[in-house]
There are 4 protein chains.
Amino acid sequence: MAEKVILAYSGGLDTSCILKWLLEKGYEVICLMADVGQKEDFEAAKQKALKIGAKECVVKDVKDDFVRNYIWPGIQMGLIYEERYLLGTSLARPCISVALVEAARKYQAKYIAHGATGKGNDQVRFELCAYALMPEIKIIAPWRDDEFCQQFQGRLDLIEYAKLHNIPVTAKPSTPWSTDANILHISYESGVLEDPNHIAPESLYEMTKDPLTQAPKESMRITITFEKGLPVKLNEKAQSPLEILEILNYVAGSYGIGRIDIVENRYVGLKSRGVYETPGGTVLFKAHQDLEVFCLDREVLRCKQYLRDRMADYVYNGFWFSPEANYVRQCLELSQANVNGQVTMELRPGYCIAVARQAATANALYNQELVSMDVHGGYVPRDASGFIAINSVRLREHVRAFGAYEVKK
Amino acid sequence: MAEKVILAYSGGLDTSCILKWLLEKGYEVICLMADVGQKEDFEAAKQKALKIGAKECVVKDVKDDFVRNYIWPGIQMGLIYEERYLLGTSLARPCISVALVEAARKYQAKYIAHGATGKGNDQVRFELCAYALMPEIKIIAPWRDDEFCQQFQGRLDLIEYAKLHNIPVTAKPSTPWSTDANILHISYESGVLEDPNHIAPESLYEMTKDPLTQAPKESMRITITFEKGLPVKLNEKAQSPLEILEILNYVAGSYGIGRIDIVENRYVGLKSRGVYETPGGTVLFKAHQDLEVFCLDREVLRCKQYLRDRMADYVYNGFWFSPEANYVRQCLELSQANVNGQVTMELRPGYCIAVARQAATANALYNQELVSMDVHGGYVPRDASGFIAINSVRLREHVRAFGAYEVKK
Amino acid sequence: MAEKVILAYSGGLDTSCILKWLLEKGYEVICLMADVGQKEDFEAAKQKALKIGAKECVVKDVKDDFVRNYIWPGIQMGLIYEERYLLGTSLARPCISVALVEAARKYQAKYIAHGATGKGNDQVRFELCAYALMPEIKIIAPWRDDEFCQQFQGRLDLIEYAKLHNIPVTAKPSTPWSTDANILHISYESGVLEDPNHIAPESLYEMTKDPLTQAPKESMRITITFEKGLPVKLNEKAQSPLEILEILNYVAGSYGIGRIDIVENRYVGLKSRGVYETPGGTVLFKAHQDLEVFCLDREVLRCKQYLRDRMADYVYNGFWFSPEANYVRQCLELSQANVNGQVTMELRPGYCIAVARQAATANALYNQELVSMDVHGGYVPRDASGFIAINSVRLREHVRAFGAYEVKK
Amino acid sequence: MAEKVILAYSGGLDTSCILKWLLEKGYEVICLMADVGQKEDFEAAKQKALKIGAKECVVKDVKDDFVRNYIWPGIQMGLIYEERYLLGTSLARPCISVALVEAARKYQAKYIAHGATGKGNDQVRFELCAYALMPEIKIIAPWRDDEFCQQFQGRLDLIEYAKLHNIPVTAKPSTPWSTDANILHISYESGVLEDPNHIAPESLYEMTKDPLTQAPKESMRITITFEKGLPVKLNEKAQSPLEILEILNYVAGSYGIGRIDIVENRYVGLKSRGVYETPGGTVLFKAHQDLEVFCLDREVLRCKQYLRDRMADYVYNGFWFSPEANYVRQCLELSQANVNGQVTMELRPGYCIAVARQAATANALYNQELVSMDVHGGYVPRDASGFIAINSVRLREHVRAFGAYEVKK
């Protein structure tokens, strides 16, 4: 009796060939397509899989789960990788892995297969999540299989193999880069982008309009309301996470907001170049960041940011399901108890900034009276003399002991 | 014989009244105006000081020193406070303090006086720097003096006092906020900005044009070349730090680049709202950030960013001259040995992004061949299987010991 | 009508004189003696206070509160200052401050007074706690009062003043150092100890026997059981926190365990030398440390230790009641969910070490089978090849880019 | 022509069998024995290797190199793993790896082979160092080789194989644990120690005497002098690093100092139990720790300790030769510029403590006058009022905004 494999299927050339290759190896293959918001003709892809020989092809809409349980916590925690990347792909992987593992359980499959490359982060993310969720699972990663790699040394080999086995090859001309799309972002990498000095063409972007030529000429202000660091309202109207993200993607996308072009450090030790567009996520991230500094005590913020940086690395590296991510996530959630309020974001062609903010309740940490230049508000300026004097003790001691500070001129 | 005071003089209403008040107290006052790039009629201010009764009024051009020894290291170290503020005021304070202390030494003055308020950061910065550089110095901070504060309870008291003493009061109507300007930035705070939910008017900005209506319609690409993390060339042309910053301020200012509107945590325990414009500095910061991730090993970057965050707090809090800043600055400089290369920045109305980058030498850490999807480049994909498996040991052990990871649905 | 003051009273010379001085100033003084386990004749001290003129002298036994709510969390969090000091005084201060503030509320006193010096940490701890718990409280700190300091320039002035006002001066000859004692520790500082190169005499120690001459010749093994990082049993017998600490103090004290002699960094910027003995606390700290590494995932431990170090600074500096300590304490408690088990400590003259440990349940993170040299236990040694190879990618890239690593010879 | 292999040879059963096995595989084997201070009959081992068939057996004395370039920097940096382990084995591995790589270069060997197990840290350390030093090297790790592991499933298989091939099996009965010895420490693990609740017998220890029965009854005081954090003198007498360590090992060993019994987190994701004795190293570590806090500014110390903790992980995990270790080592060396002085250590049966310390020059950071209770020394106690008041601003603001701090009772 054939061993069962759950294949993370995309409908594209790679996973179609992998499906066939697995069938040739004697496996029974159940394809799983997780709908995380990518633009895809899922029905056509399903028919293709079945035609190639998949036992089943399950299309699972996990968009709501993805937004609610991965993207929203990501915004709440303030996750950003190496200060620029909003982890659009990284956050999707654990969500998809849950679907894969659930399928493996349901179909009593011993194996999960995926088409991620052997040089990338996604293989690590898929597999660490799978191992964490189902320690006994076995992984088939053809792009790390010597025989498979021998057989398929380039795209042409795949096309030839597809033709040979009557696998329909999409007529759509392939872009000179590869993409990963979901409701949070689209990433572009490889191909011509491998040269970090090659400028990405405007035509590459799919979620965002050209800020210079296609965006509205006027700016737009929107308010985003947060409860415990989670976005709950747009312009005062309560909406589901999925609705908020879809609206923001549309609006911010029309302004061309959220594009970055970076080189990043992969977990496997390589540097890679990626271009990303994250329209709605960028607005949410910046709004949250603004409200957080506004609402949190300074020292709590310092601790929280340390934990946030570690968490961003965990998520990027594939450790969403891990003891450390479990722990740090709880700590970060704790930090957000007082992040309640509203931020006014101004959207402009190509970017957005926070321009106003208010706390949910009158008595928040920002104290207009205390900071005012015109009233004391309980603050005794004279105290600052002692504050400064005591803070200078160490500094003066250093001079006494080791001589003057170096002043570069 | 009268005690001598070096007064950090601006020519404005506050320090003019302070000058007079010090004279009334019997001090001999030498005014010092440090030219850090603010737009000011220094000669008129000098005459005003002398007319009020200053023994001398020294105008010192420290722009080159400021850019070379404070701003450039700030860019090199990647300093940013609470992830958004480029420390435009914070970096100027130690530079000005050096000038004040030098004057105190030259004129054998026991006192330094300043007009910084008792609720702000600047008093701390001026005084910690002064104490560090000249431990025996004494500070006069009228805005923390009970008697002075009693006498001058508001702007009107100052104006009245000025009139009484024939101190010319500028005809220029005062803005409903206060500003601090130098060659790196202008900050706006207080007044109407004290309400964090009050949106700053477009008319406020002085260094940057309105991105929507006044900026060029076309984007512009420029290249910035760094050596050891320091900007050395613009569009391939070697320039002095001051020249580079002036050119970038002009160009980026014309695009309206570098505006932020934030609430920040002051060292004295208050939260305050500030609006900042830092046109050239923003371009330099983002270019450096891009090149740094491109050039540095991942783990070196992690350590460096930790130190960078501490340094940003030191600088913001006034500890530029301190054992810890001395130490960390050396460490951060060490980290930049390999940050050599060129970044192409695209300037657009209101913002800029890095779009391309190359290392100074062919053999840098980014390895196009290694990361390529099409060639192996010495990387053995099969190795990733073991890498992932060993990384999953801890994760699976946790499940064995404590049960399944929680999956929120 | 006289203003009321709550005076933190010890019965000693200083606070007795302060009591009289406050009375002379016209205050009505309620003395508060918090029994945190110091050896003291509280009744005699009380009578002395009343005789001097205190309106009341309240003796409050807070030992159970101190152990349960300050020392136990300290052990659970693993708090240690600058790697050596178990925070015996620092932990007592917030506990005593709570008693002072409660008394201020009960007696409707506007003031709290204390006899802590102006160079020390304790003034900061008392006052920050008091301000946090009762923001409107006013503090009287005579040792920072110019007039008081003028009047009392040394111990002799105090003795003279005491005699003048019929304040009984203890016959007990004063030690050439000062001490602070509670159930967790005794600290010794000042006087002859101010010379950091002066060796503390054996006669100084009060809680611990001389390990060389007075301790048992045989070692002793005890087991300590922890639940969520909190000590709950001694030698398998459930005991209250207070009982556990008292027993351990007695036993470890008889072995001379828990002495340290250090120079530490005070919050006010000075370095000071202290000698401490913490017999029971040392055993608990080391047992907890052993169990924690045994029970916690490696990466959780790393995060936890970072937070622990910050918390130790908060506590040392007086920020027990603060937003940051509140937050970090919750995070640290979360980390201890799995710190359940038993440690066997071996007590020996002068020191103790963990010699064995077991988890509360069979399925804990330590996996004897997995680590065994003799069985595989699910670990595939071959995987380590890939693990190492991928980890070496960055290292080899560095050589390619920047040349060979420096090898010092 | 046979491929050449450099085998890290110990003379024991494992590497002797590996030598034979490599020869059977057709390799030409050059054995390398690095003398890092382990007690070994190197000549006998060499003859054994040659008899088995090694082409050569090189015995290289790297003790001086080991102490000077690995142990001394470790002391200087204050390296300690998970707060207890002084990295005795971890520090030796890069030193030995340098010898292996030098031999590979000298003999033009393509391969390095070692007998480290597939579950341990040492395989990682040897190989990462080798890859870093000689990126093109190939590793043979028989204990990760499926065929080898199949053939040798336990100690008995090795013995049988040895007998079959006339490899002399040592008459010395094997201990029920395995050891790794060098001049810094001996580690014990595996066998009966795999049960973390099994108490290690007194007979296990080789470098240290039984503190209870064999150590001197009297304590002994020694002084250790440091320059830039490096030990340079014992009792005022300048000595080479090797001499200092040998003397301290002898003396501290006779007192039974430096034993620990811990569970630690291995890099490959396992927890393992180890018993270590590090007599001289423990004395040096504690002396250095004492002097460092004495000499360093508080905030420099905080930064330094963060870097130190990262460095300890790097070294434990095998990344001695890596970009990050290179970088952090330089930073840590920088921090030690002022760690100059002398510490008096008191050695007692089983432990040691610092009892006195002095800086190399009169003007060091510790300021006896400043900290004195009896004189002001330039410190103005009144300043502390303002210091505390300003520090309480945040704390009181938190109460105003979010209500009273929780007080557990």
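Conventions used here
Residues numbered from 1 in each chain as written. Chains lettered and ligands numbered in written order. Predicted model: local features only at pLDDT ≥ 70, side-chain atom pairs only at ≥ 80, totals over all residues. Heavy atoms only, no water. Helix = DSSP H or I, 4+ residues; strand = E, 2+ residues; numbered from the N terminus. Contact = heavy atoms within 4.5 Å. Areas by Shrake-Rupley, 256 points an atom, 1.4 Å probe, with all protein chains shown as cover. Lys, Arg positive; Asp, Glu negative; His and termini not counted. Charge placed at Lys NZ, Arg CZ, Asp CG, Glu CD. Domains from an automatic or database assignment. Buried area = accessible area lost by both parts, 1.4 Å probe. Salt bridge = Lys/Arg side-chain N within 4 Å of Asp/Glu carboxyl O. Polar contact = N/O pair within 3.5 Å; in protein donor to acceptor, adjacent residues only side chain to side chain. Nonpolar A, V, L, I, M, F, W, Y, C, P; charged D, E, K, R; others polar. Least-squares fit on C-alpha atoms with pLDDT ≥ 70 in both. Buried < 20%, exposed > 50% of the residue type's maximum accessible area, 1.4 Å probe, protein only. UniProt positions renumbered as here; feature names shortened; annotations may be inferred.

## What to know about the overall build of chain A
So, point 1. Looking only at helices and strands, chain A has 13 helices and 14 strands in total.
So, point 2. Counting only C-alpha atoms, chain A reaches 85 × 55 × 45 Å along its principal axes.
So, point 3. Taking the intrachain contacts of chain A between residues at least 6 apart in sequence as the baseline, contacts between residues at least 24 apart amount to 72%.
So, point 4. Summing over all exposed atoms, chain A offers an accessible surface of approximately 14,400 Å²; the carbon and sulfur share of this is 51%.
So, point 5. Across chain A, 48 positive and 52 negative side-chain charges occur, with their mean positions spaced 2 Å apart.

## Side note on the domain arrangement of chain A
All names here are of chain A.
So, point 1. For chain A, the domain assignment lists domain 1 (4-165) and domain 2 (178-359).
So, point 2. Approximately 4,100 Å² of surface area, both sides summed, lies buried where domain 1 meets domain 2, with 71% of it carried by carbon and sulfur atoms.
So, point 3. The largest per-residue losses of area from domain 1 upon contact with domain 2 belong to Trp72, Gln76 and Met77, which jointly make up 19% of the total buried on that side.
So, point 4. Along the contact surface separating domain 1 from domain 2 lie 1 salt bridge.
So, point 5. Viewed at the interface, domain 2 and domain 1 are joined by 17 residue pairs in polar contact (both at pLDDT 80 or more).
So, point 6. Counting residues per element, the ones that place at least two in the side of domain 1 that touches domain 2 are α3 (63-77), α4 (88-106) and α5 (122-133).
So, point 7. Of all the elements, α3 adds the most residues to the side of domain 1 that touches domain 2, at 13 residues.
So, point 8. By residue class, the composition of the side of domain 1 that touches domain 2 is 24 nonpolar, 11 polar and 8 charged.

## Focus: the interface of chain C and chain D
So, point 1. On the side of chain D, 113 residues touch chain C, which itself brings 111 residues to the contact.
So, point 2. Taking both sides of the interface into account, the surface hidden between chain C and chain D amounts to around 10,300 Å²; carbon and sulfur atoms contribute 55%.
So, point 3. Contact with chain D buries surface across chain C, with Lys119(C), Glu194(C) and Lys271(C) losing the most and accounting together for 7% of the total.
So, point 4. Counting every contact that joins chain C to chain D gives 20 salt bridges.
So, point 5. For Asp65(D), the salt bridge goes to Lys409(C), with nearest N and O atoms at 3.8 Å.
So, point 6. The tally of links from chain C across to chain D stands at 54 residue pairs in polar contact (both at pLDDT 80 or more).
So, point 7. Sorting elements by how many residues they give to the side of chain C that touches chain D places helix α13 (residues 383-402) of chain C first, with 11 residues.
So, point 8. Each residue belonging to the side of chain C that touches chain D can be placed in one class, and the counts come to 48 nonpolar, 25 polar and 38 charged.

## A short note on the relation of the copies chain C and chain D
So, point 1. Aligned on chain D, chain C shows an RMSD of 0.0 Å; the corresponding rotation is 180° and the shift along the axis is 0.0 Å. Taken together, the rotation and translation relating the two chain copies correspond to the operation of a two-fold axis. If distances are taken from each C-alpha of chain C to the rotation axis, the shortest is found for Tyr351(C), at 3.4 Å.

## A few points about unusual backbone geometry
It is generally the case that most residues other than glycine have a negative phi and that most peptide bonds are trans.
So, point 1. Even without a glycine there, the phi angle at Asn166(C) is positive, about 60°.
So, point 2. Along the polypeptide, Asn166(C) turns up in the loop between α7 (155-164) and β6 (178-181).

## Observations regarding the interface of chain A and chain B
So, point 1. Across the boundary between the two partners, chain A contributes 111 residues, which contact 111 residues of chain B.
So, point 2. Together, the buried faces of chain A and chain B total about 10,300 Å²; carbon and sulfur atoms form 55% of this surface.
So, point 3. Its largest share of buried area at the contact with chain B, chain A owes to Lys119(A), Glu194(A) and Lys271(A), together 7% of the area lost on that side.
So, point 4. The interface formed by chain A and chain B holds 20 salt bridges in total.
So, point 5. As a salt-bridge pair, Asp290(A) and Arg84(B) come within 2.9 Å of each other at their nearest N and O atoms.
So, point 6. Our count for the chain A to chain B interface comes out at 54 residue pairs in polar contact (both at pLDDT 80 or more).
So, point 7. Tallying contributions element by element places helix α13 (residues 383-402) of chain A first for the side of chain A that touches chain B, with 11 residues.
So, point 8. Its residues assigned to classes, the side of chain A that touches chain B shows 47 nonpolar, 25 polar and 39 charged.

## Focus on the relation of the copies chain A and chain B
So, point 1. Once turned by 180° and shifted 0.0 Å along the axis, chain A lies on chain B with an RMSD of 0.0 Å.
So, point 2. A shared interface surface links the copies, since 99% of the contact residues of chain A are contact residues in chain B too.

## Overview of the environment of Arg298(D)
So, point 1. Inspection of the secondary structure puts Arg298(D) in helix α10 (residues 298-317).
So, point 2. Classification of Arg298(D) as buried rests on a relative accessible area of 11%.
So, point 3. Residues Arg298(D) and Arg308(D), 10 residues apart in the sequence, show an inter-C-alpha distance of 15 Å.
So, point 4. Every residue in contact with Arg298(D), bar those within four places of it in the chain, is listed here: Arg394(A), Tyr81(C), Glu82(C), Asn265(C), Arg266(C), Tyr267(C) and Gly269(C).

## A look at the UniProt feature "domain: Arginosuccinate synthase-like N-terminal" (unreviewed entry) in chain A
So, point 1. Sites flagged by UniProt as "domain: Arginosuccinate synthase-like N-terminal" (unreviewed entry) map to residues 4-168 of chain A.
So, point 2. Between the first and last C-alpha atoms of residues 4-168 of chain A the distance is 24 Å; the span itself is 52% helix and 15% strand.

## Quick look at the side chain of Ser272(B)
So, point 1. For Ser272(B), the position within the fold is in strand β12 (residues 271-277).
So, point 2. Given the relative accessible area of 2%, Ser272(B) is considered buried.
So, point 3. Reaching out from Ser272(B), the side chain makes a polar contact with the side chain of Arg266(B) at a distance of 3.2 Å.
So, point 4. Not counting residues up to four positions away in its chain, the partners in contact with Ser272(B) are Tyr366(A), Val371(A), Glu189(B), Ile262(B), Val263(B), Glu264(B) and Arg266(B).

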